[in-house]
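# Understanding the architecture of this molecule
What follows is the residue order along each chain.
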4 protein chains.
Amino acid sequence: MTNQESQCFSIPVRVYIEDTDAGGIVFYANYLKFMERARTEYIRSLGIELRAGMKQNISYVVHSLEIKYQKPAKLDDLVTVTANISKLGKTYMVFEQRVIDENGGVLVVAEVKVVCVALESGKPRVMDSRLINALS
Amino acid sequence: MTNQESQCFSIPVRVYIEDTDAGGIVFYANYLKFMERARTEYIRSLGIELRAGMKQNISYVVHSLEIKYQKPAKLDDLVTVTANISKLGKTYMVFEQRVIDENGGVLVVAEVKVVCVALESGKPRVMDSRLINALS
Amino acid sequence: MTNQESQCFSIPVRVYIEDTDAGGIVFYANYLKFMERARTEYIRSLGIELRAGMKQNISYVVHSLEIKYQKPAKLDDLVTVTANISKLGKTYMVFEQRVIDENGGVLVVAEVKVVCVALESGKPRVMDSRLINALS
Amino acid sequence: MTNQESQCFSIPVRVYIEDTDAGGIVFYANYLKFMERARTEYIRSLGIELRAGMKQNISYVVHSLEIKYQKPAKLDDLVTVTANISKLGKTYMVFEQRVIDENGGVLVVAEVKVVCVALESGKPRVMDSRLINALS
């Protein structure tokens, strides 16, 4: 029997003072940093490095996203940030992502569409075939 | 005859090096900072200060948002960031927001739902009646 | 008679929620953003744009700095951030910078050495002669 | 014989796109985030949590710092950030901190003075005796 959870890529993220705001919680834009870290580590775990891509005029940019903030993370929290591919095209990836607290409670849910572009022109281009194969 | 554009609240935002990333464009999370500045200035223009709210145990938190990144802003750009109420409840506001370049081109479009909560409990509460009246 | 104050370049900076932390004050790294904005606007006021420099393989990087945090800025504060040249070389500028509150109180004082480098190699290079002349 | 290096507290920090700027390197203010993470983890390793302190009206604020940027960190780099106490008072700690690359090269060196204050008044106060004992 397949354990759905174990198929899910995730990283731990500690909440530092830099992430919080005067409301005492993580500033809403900063969850996007956490999610970008999880996507990057997922891609890195497949053997692809962002910087190497840039040298080849490849960049991955966020095309659009939807995010729901259900409960706030706070200073010193150790949260889990997931990154899974829900849809894959030749030039784009759609990620389902969650921020989960230490008790398994879902704090934030997002769907993020990332498009592969030529760094100089910003035009969409086909992704590295190694990446497509690894994600398929 | 009413000019729709003139009813639109907006602020100018200069893109600084702090806003950019190694791709040479504004980092995707940082547009949320620009949009939060525009919402705050809109509320301030109605005579409501965030800090004063916090002293009264009131906070405004983002509940959810959708955002589309159409074209990137770059270093030194002077963009316009708009904030308009598209829907108003007793405990929440929905903002339509845009980032617009110097030629009127739309770079980013977002819909942001902001909920008024009690700072300590995080539970929704009715907004300041001055704010509701000013926005109605 | 020369008024020392009037020779001082400064910009106003509003403190937004993005700038604050869970301690209720501006996060200590974020004053460096404010100061970089002031330096950039000072240079821009002399007719030099950072992005144009990058296209010519010129970048300005911070070499070293000293900073004293005397009093904190808080949410909604409107502070003044100054930028003055205290020393000028062919490849570097030393800035004296302050963050000042609405009553003239000094919140933060810094001395920041900025070096002109070739963007690709990171090696120091002589600054744009227009910039040297304007600052001399 | 004591190994000086082994007495040094450090954490690994991966450089993400959020940390970089349009110059292709880590934005100068962001090293202060890395250093604050290392200080926090050092304190946490001694059994002290920041959030717990805030509930007791205790906060640790940076009083002053000096920093030298010797070589830049870049996207995808995995750097080591150290935190050592060089001087300890009843109300303050002085940290010596470095950012070191994967070959042992020193990228950034800083001296950071952190003062323990009462969260509400901002006035210096004696640090938690457990912390003073652990650091002595």
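Scroll up a little and you will see the structure.
The following refers to the structure shown. (Residues numbered from 1 in each chain as written. Chains lettered and ligands numbered in written order. Predicted model: local features only at pLDDT ≥ 70, side-chain atom pairs only at ≥ 80, totals over all residues. Heavy atoms only, no water.)

In this structure, two copies of a chain are linked by a rotation about an axis accompanied by a shift along it. For the pair chain B and chain A, the superposition axis carries a translation of 0.0 Å, the fit reaches an RMSD of 0.0 Å, and the rotation angle comes to 180°. Classification of the inter-copy transformation places it as that of a two-fold axis. In terms of proximity to the rotation axis, the leading residue of chain B is Glu66(B), whose C-alpha is 2.2 Å off the axis. Of all interface residues in chain B, 100% are interface residues in chain A too; the two copies therefore contact each other through one and the same surface. (Least-squares fit on C-alpha atoms with pLDDT ≥ 70 in both. Contact = heavy atoms within 4.5 Å.)

This part takes up the interface of chain B and chain A. Residue-level contacts link 22 residues of chain B with 22 residues of chain A. Counting the surface chain B buries against chain A, the share from its top three residues, Tyr28(B), Leu65(B) and Tyr69(B), is 28%. Applying the counting rule to chain B against chain A returns zero salt bridges. The interface formed by chain B and chain A includes eight residue pairs in polar contact (both at pLDDT 80 or more). Secondary structure elements with two or more residues in the side of chain B that touches chain A: helix H1 (30–45) and strand S2 (58–69) of chain B. Broken down by element, the side of chain B that touches chain A gets its largest block of residues, nine residues, from S2(B). (Buried area = accessible area lost by both parts, 1.4 Å probe. Salt bridge = Lys/Arg side-chain N within 4 Å of Asp/Glu carboxyl O. Polar contact = N/O pair within 3.5 Å; in protein donor to acceptor, adjacent residues only side chain to side chain. Helix = DSSP H or I, 4+ residues; strand = E, 2+ residues; numbered from the N terminus.)

With that settled, consider the interface of chain D and chain C. Much of the literature gives interface size as the accessible area that the parts lose upon coming together. Tallying the contact residues gives 22 residues for chain D and 22 residues for chain C. Taken together, chain D and chain C are joined by zero salt bridges. For the side of chain D that touches chain C, the elements supplying multiple residues, two or more each, are helix H1 (30–45) and strand S2 (58–69) of chain D. Sorting elements by how many residues they give to the side of chain D that touches chain C places S2(D) first, with nine residues. Here the residues of the side of chain D that touches chain C are counted per class, giving 14 nonpolar, three polar and five charged. Of the pairings in the sheet, the one linking strand S2 (residues 58–69) of chain C to S2(D) comprises five bridges and is antiparallel in character. (Nonpolar A, V, L, I, M, F, W, Y, C, P; charged D, E, K, R; others polar. Pairing = 2+ DSSP bridges.)

Attention shifts here to the environment of Asn103(A). Residue and element names in this part refer to chain A. Tracing the sequence through the fold places Asn 103 in the loop between strand S4 (92–100) and strand S5 (106–118). In this structure Asn 103 comes out as exposed when scored by relative accessible area, which is 75%. Distance in space between the C-alpha atoms of Asn 103 and Val 79 is 9.5 Å, their sequence separation being 24 residues. (Buried < 20%, exposed > 50% of the residue type's maximum accessible area, 1.4 Å probe, protein only.)

By themselves, these observations are geometric and do not establish any function.
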